[in-house]
Amino acid sequence: MSAIVSIIMGSRSDWPTMSEAVQVMDQLGVAYETHVVSAHRTPERLLEFAQGADKRGIKVIIAGAGGSAHLPGMVAALTHLPVVAVPVSSKHLKGMDSLMSIVQMPRGVAVATQAIGEAGAYNAGLMASQMLAIADDKLEKRIQQWRQAQTDSVPWSVTDDSE
């Protein structure tokens, strides 16, 4: 199965956060690839990646970055594909710097920004899957079943274990 989602991050140190995105995509059977693409340290790689992603069959890009967090916006500026952004928590400002950098995109450069950290990365994987399900009936059905299982796992009562 060829990758249709690309998960990119600014450095390998972002992988513990970004690996959360693959959990839900593995459960839903969505094929993905992972790459390190730094907006600041590998600008030529960024340009080549963003301009060639659609030609390789990629449909959605998940981009995680910390600190100045320019990666999601730069990728969005270079491709027509949807970009789901994950602000990675940073040492000094706990990811607020990443969030503020990512969420302040200029008009015409859209990124779908998620929460800071692991929850944001997990939801980015879910968001990418939901986007793809618009044109994939089988994936749509798997998402519906996944959601039902999620709902069924929550008990109705705090004290009643008879369910």
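Because the structure is predicted, anything quoted here is derived from the model rather than measured.

(A) Representation of the sheet that holds strand β5 (residues 112–113). Read across the sheet, 5 strands follow the order β2-β1-β3-β4-β5 without closing on themselves; strand pairing throughout is parallel. Each edge of the sheet is formed by a strand with only one pairing partner; in this case those strands are β2 (32–36) and β5. Note that strand β1 (residues 5–9) and β2 share 5 bridges and pair parallel. Paired with Val5 across the strands is Tyr32, a residue of β2. Strand contacts of helix α3 (residues 71–78): β1, β3 (60–65) and β4 (83–87), with the helix running at about 150° to β3, the strand carrying the most contacts. Set on the sheet, helix α4 (residues 96–103) makes contact with β3, β4 and β5; between it and β4 the angle comes to about 155°.

(B) Region of interest: the pairing of β4. In terms of burial, β4 is a largely internal element, 5 of the 5 residues being buried. Bridging between β3 and β4 involves 5 bridges; their strand directions are parallel. Among the inter-strand pairings, Ile62 is bridged to a residue of β4, identified as Val84. Tracing the backbone out of β3, into α3 and back to the parallel element β4 gives a crossover that is right-handed.

(C) Geometry of the UniProt feature "domain: PurE" (unreviewed entry) in the protein. The UniProt entry lists residues 3–154 under the feature "domain: PurE" (unreviewed entry), expressed in the numbering used here. Secondary structure within residues 3–154 divides into 47% helix and 15% strand; the distance between the first and last C-alpha atoms comes to 33 Å.

About the cut-offs
- Counting from 1, residues in each chain are numbered in the order their sequence is written.
- The predicted nature of this model means local features are confined to residues of pLDDT at least 70 and side-chain atom pairs, given and counted, to a pLDDT of 80 or more, with totals for whole chains, interfaces and linings taken over all residues.
- Each side-chain value is derived from all of the structure's non-hydrogen atoms; neither hydrogens nor water enter the calculation.
- By definition, two strands form a pair when at least two bridges between them are found by DSSP.
- Helix and strand definitions follow DSSP, with helices as H or I runs of at least four residues and strands as E runs of at least two, each counted in order from the N terminus.
- Any two residues having at least one pair of non-hydrogen atoms within 4.5 Å are treated as being in contact.
- Here an axis means a line fitted to C-alpha atoms, over the contact stretch when the element is a helix, while the angle between two N-to-C directions is reported on a 0 to 180 degree scale.
- Per-residue accessibility, obtained with a 1.4 Å probe over protein chains only, is compared with the maximum for each type, and a residue is labelled buried under 20%, exposed over 50%, and partly exposed between these values.
- Handedness of a crossover is defined as follows: orient the strands so they point away from the viewer, and if the path from the first strand over the helix to the second runs clockwise, the crossover is right-handed.
- UniProt positions are given in the numbering used here, feature names are shortened, and annotations may be inferred rather than shown by experiment.

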